[in-house]
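Chain by chain, the residues:
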Amino acid sequence: MTTFDERLNAELPRLRSLFGRIYGDLPEAGRALDGLVQDLRASWDARPAELKALDDEREADPDWFASNQMLGGVCYVDLYAGTLDGVRARIPYFRELGLTYLHLMPLFLAPAENSDGGYAVSSYRDIRPDLGTMADFTALAAELRRNGISLVVDFVFNHTSNEHVWARGALARDPLYDDFYLIFDDRTMPDRYELTTREIFPDDHPGSFVPLADGRWVWATFHSFQWDLNYRNPAVFRAMAGEMLFLANQGVNILRMDAVAFIWKQLGTTSENLPEAHLLLQAFNAVCRIAAPSLLFKSEAIVHPDDVVVYIRPDECQLSYNPLQMALIWNSLATREVNLLAQALEQRHNLPPHTAWVNYVRSHDDIGWTFADEDARQFGIDGYEHRRFLNAFYVNRFPGSFARGVPFQDNPRTGDCRISGTTASLAGLEAGDPGAVDRIVLAHSIILSTGGVPLIYLGDEVGQLNDYGYLDVPGHAEDSRWVGRPPYPAERYATRDDPETRAGELFARFRGLIDVRRRTPAFAGGQLTAFHTQNPHVLGYQRGEVLVLANFSEHAQTLDAERFGGLSADRTDLVTGRPMPLGAGLTLAPHEFVWLA
Ligand code: OTU
C-alpha cells in the first residue's frame, strides 16, 4: 500500500509545475497550492477504509474499465426511480441487465424551476431534497460498490448556479468571492470577447454574457443562471478541488467532467479547448492521484474530433464520451451508408494505453453533428449541406424519414441546429416503421462491440418513446432535450420478458448481445482493426479474432468470398450461434449484423 506521503512526493512536483504553467508566478497561486496540500492531507485522513482498499485494488489493475464485462447505464434519479432509495431498489434490475457502471444525472441542490436538468449546481455538498440526503447518497454508493457497480456523477465545474454561495457572494461584492466569476462593469470587455465566442444556447440568450441586476455583466456560456467560474483565480481551483475530494470520499468512482471545453477563456479566441483547459484537468487529475487515487475522469467534450481526443490521457481524462461514433451511427442509419463511420473507426478510434472511450447511442442531450468537415470532404460530402440533410431527416422533414426527433437550438442566423429524441423515436418505433427494432439493436451492437465502455440510456433497452409532456412543464417547455428524458417506462419494463411485445423483443436481444460480449475476451480493450467490406452499406471491423459485419440498409447485402481472403473461413456467429462459413461469401439480411468468431 502506498502511503499518502509517498503519493504526495510523487505527484506534487507535477501539480506544482502545472500551477506554474497555468498561473505563472502569481503570488496567490503559491498560497492556493499550500492550502491545497493541507486539504489533500485532511481529505486522505477522512477517506473511508473501504475506499482506500478500492484505491489499492484499482491501482493494481489500472485497465479495469477496459474489461469486456463493463457495461454502463445512465438515468435521472427522479425520473427513473423517484429517489435515491428508489435507485437502490432497482439494483436487482441493474444486475439483471449486467451493469457495472451507473451514471446518475445531476442530483445536487439546484434552482427550483429551471436548473438545466441539474447542470446548475447550488451546492456540491447537498443532495436535492426531493431525492434524498447526502447520507442516502453515500449509502447508495456503498451498496452499488458491493454489487460491482461503479458510481458516476457529473462534476459541473465550469459554472455554478447563480444561487451558489460563491455566486451570491460575488454579486454582493464580497471580497472573498469577488474574483470567482467573470464579471464586468459594462459591455466593453463582453463585446470584445463575443467577437470570437460561439453561442451555445441562443434560445436562452445571445452571446456569452448576461446582465446582472446591478448593471454589471457576467459570463454565462449556457443559461443566464449558469455563471462560468474564473479559473484564472487559483482560489477557484482550490475551492473546486475541495468539492471534488468531498465527492470522492462519498464513494463516487468516476466524475463526468462537464463542459471541459469551456473552462478557460482568452480574449481573441473562441475560448474553447484552450491549452490551459488541459492543464487545469491535469492538475485536477494530480489532485486525485494524491488523495483519491481510484477516482477517474470522463471527459465531456462534444466538439470537433481533433479536439475531443486531446483530453484523453491517463494523466488527464482516462475516459471520454465518443460523440463522433454516436453521431455517425445516426448518420449511417439515415443515409444507409457506412462511409463516415468506417472512416472514423479506422482513423479516429484507437486510443493511447490506459484510456477508453465511453460509446453511446444517445445521451440526455441533443445529437450534434460533430464530424470533421475535412473527413466528409474525402467522400465528396459537404459538411454544411449534409448537416442540413441530417437535421431535416431526424425531425421528419425529409421524404421517407422514419425519425421523430425535435429540433434543439435551431439558429437560423448560423444555420446551426441539433436533434432531441429517444433512441426508439429517432429509430422509427414511434412512426411504426417496420425496421425500428432492428435499427435500435443494430445501433447498440456497434457500441457494444467497437471497444470501450458501452453506455445505455436506461429505458432505451425496452424502446421508450419521446415524452411530449415536457411542453407542459414550466422551465422545460423551452428546452426540447426534455423530449428525450421520459419517466421510467413502467409498462414496457413490465413486459420485458414477453417476446410478443416490442419491449420484450428488444430486451431479449439486448440481453443476448450483452451476454456474448461478456463471455468474449476479444471485446476487451479498445483496439480495433478496420475491415473494408467494399459494400457501401456494410460496416466491417475486427476485434482480435472476431470479425464484425453490420448491414445498415433495409435490403439484403452480399459480400463475395474474395473479401474474406486471408481470414479463417470456418466461422460461427456469436450472436445467433449459427455456423457461417466464409468460403462462399456471405449475405446479410436487412439491418443484420454478425460477430464472427
Ligand atoms: C453539457 O453539455 C451537459 O451535458 C448539458 O446537459 C448541459 O446543459 C451543459 O453541459 C451545461 O452544463 O452544450 O448541448 O461540449 O456540447 O458541454 C449540450 C460542449 C452542451 C457541449 C456540452 C454541453
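Numbering of residues begins from 1 in every chain and follows the order in which that chain's sequence is written. Given that the model is predicted, a residue must reach a pLDDT of at least 70 before its local features are reported, and side-chain atom pairs must reach 80 or more before they are shown or counted; all residues, however, enter totals for whole chains, interfaces and linings. With hydrogens and water stripped out, all remaining heavy atoms of the structure feed into the side-chain values.

**Things to note about helix 7 (residues 134-146)**
Here's step 1: End to end, helix 7 covers 19 Å across 13 residues, agreeing with the expected 18 Å (1.5 Å per residue, within 8%).
Here's step 2: Relative accessibility under 20% of the residue-type maximum defines a buried residue, over 50% an exposed one, and the middle range a partly exposed one, all with a 1.4 Å probe and only protein chains included. By definition, any uninterrupted DSSP run of H or I lasting at least four residues is a helix, any uninterrupted run of E lasting at least two residues is a strand, and each is numbered from the N terminus. Among all positions of helix 7, only Met134, Phe137, Leu140, Ala141, Ala142, Leu144 and Arg145 are buried.
Here's step 3: Just downstream of helix 7 lies Gly148, where phi reads positive at about 75 degrees. Each helix should span, by expectation, one fewer than its residue count multiplied by 1.5 Å.

**Digging into the environment of Val252**
Here's step 1: Relative to the helices and strands, Val252 is located in the loop between helix 10 (234-250) and strand 11 (254-257).
Here's step 2: Sequence separation between Val252 and Phe137 is 115 residues, and the spatial gap between their C-alpha atoms is 9.5 Å.
Here's step 3: Those residues within four positions of Val252 in sequence are excluded, and the remaining contacts are Phe137, Leu151, Val153, Leu247 and Leu295. By definition in these notes, contact holds between two residues if any of their heavy atoms fall within 4.5 Å.

**Thoughts on a negative patch on the surface**
Here's step 1: The grouping of Asp203, Asp204, Asp410 and Glu478 at the surface amounts to a negative patch.
Here's step 2: Within the secondary structure, Asp204 is located in the loop between helix 9 (188-194) and strand 8 (209-211). Exposure above 30% relative accessible area and no salt bridge define the residues that can form patches, which grow by joining like charges within 9 Å and nonpolar side chains of Val, Leu, Ile, Met, Phe, Trp and Tyr within 5 Å. Surface exposure here means Shrake-Rupley accessible area, sampled with a 1.4 Å probe, where a residue is shielded only by the protein chains that are shown. Counted as salt bridges are all cases of a side-chain nitrogen of Lys or Arg within 4 Å of a carboxyl oxygen of Asp or Glu. Positive charges are assigned to Lys and Arg, negative charges to Asp and Glu, while His and the chain termini are left out of the count. Note on charges: their place is set at NZ of Lys, CZ of Arg, CG of Asp or CD of Glu.

**Examining the packing of helix 1 (residues 4-23) against helix 2 (residues 27-46)**
Here's step 1: Think of each axis as a best-fit line through the C-alpha atoms, taken over the contacting stretch in the case of a helix, with angles from 0 to 180 degrees between the N-to-C directions. In the contact formed by helix 1 and helix 2, the axes pass within 11 Å of each other and the chain directions differ by 150 degrees. Taken together, the axes of helix 1 and helix 2 lie roughly antiparallel to each other. Crossing of helix 1 over helix 2 shows right-handed handedness. Residues Phe4, Asp5, Arg7, Leu8, Leu12, Leu15, Arg16, Phe19 and Tyr23 of helix 1 form the contact with helix 2, whose participating residues are Ala29, Ala32, Leu33, Leu36, Val37, Leu40, Arg41 and Trp44. By the definition adopted for this analysis, an angle is roughly parallel if under 35 degrees, roughly antiparallel if over 145, roughly perpendicular if from 65 to 115, and oblique otherwise. With the far helix as reference, a near helix turned anticlockwise by less than a right angle produces a left-handed crossing, and one turned clockwise produces a right-handed crossing.

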